[in-house]
Amino acid sequence: MSKGRKIILTILTAIILIPVTLVILLQLPPVQTLIANTASRIVSEKTDGRLSFGKVYYSMPNRLVIKGICFEQNCCKDTLLQLDKLALNVNVPALLGGRIHIKAVTLEDGQFNIVSVNDSTTNLDLLIDAFSSGEEEESSGESPVVMLDKLSLKNLRFTQLP
């Protein structure tokens, strides 16, 4: 075999093996836990709160289940969100096309607490502000299309506390 063919064969093998390896790695619970812990750390730092997950399950091609979600905020020493289970079913081909199409979201067994921090601000306002830049940005094009087909709330309590 010529040297050029060996190089082309090596490149094609790498192009095939890298995505396959990533897909296999995403199926492993330790990798899923590592990704969830990294996301938890980033959100916790950005919001001055504490986000924790129990178990994270991702099954190809489109199902994500997170169990034991808890988000506590330091501003009001209370839990904003506690869920036993969050399940997402995402349309992957739409993601590849630049759209966010969530086929189904299920929130099960939990509570959502809105707490007044002062007269005009709630803990939810603080969370939203943590993820906004604070400056109005000029639109650089079209906004992404976000679609949600089905939202299921099962045994969920919503409370507003003073």
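The structure under discussion appears in the preceding block.
Residues numbered from 1 in each chain as written. Predicted model: local features only at pLDDT ≥ 70, side-chain atom pairs only at ≥ 80, totals over all residues. Heavy atoms only, no water.

The next subject is the nonpolar core. Counting residues in hydrophobic clusters, the biggest one holds 17 residues, and the most contacted among them are Ile-69, Leu-83, Leu-86, Val-105 and Leu-107. Within the residue set of this core, elements represented by two or more residues are strand E3 (63–73), strand E4 (78–90) and strand E5 (100–115). With 5 residues, E4 is the largest single contributor of residues to this core. (Core = buried A, V, L, I, M, F, W, Y, C linked by side-chain atoms within 4.5 Å. Buried < 20%, exposed > 50% of the residue type's maximum accessible area, 1.4 Å probe, protein only. Helix = DSSP H or I, 4+ residues; strand = E, 2+ residues; numbered from the N terminus.)

Here we come to unusual backbone geometry. A negative phi angle is the norm for most residues apart from glycine, just as the trans form is the norm for most peptide bonds. We note that Asp-109 has phi near 50 degrees; this positive angle belongs to a residue other than glycine. By secondary structure assignment, the location of Asp-109 is in strand E5. Classification of Asp-109 by relative accessible area gives partly exposed; the value is 30%. Not every positive phi belongs to a glycine, and Asn-155 is a case in point at roughly 55 degrees. Relative to the helices and strands, Asn-155 resides in strand E6 (residues 146–161).

Tallied over the entire structure, the rule returns 3 salt bridges. Between Glu-108 and Lys-154 there is a salt bridge, with its nearest N and O atoms 4.0 Å apart. Of this pair, Glu-108 sits in strand E5 while Lys-154 sits in strand E6, and the two are 46 residues apart along the sequence. Classification of Glu-108 as buried rests on a relative accessible area of 19%. Lys-154 sits in the partly exposed class, given a relative accessible area of 44%. (Salt bridge = Lys/Arg side-chain N within 4 Å of Asp/Glu carboxyl O.)

So yeah, pure geometry; function would need other evidence.
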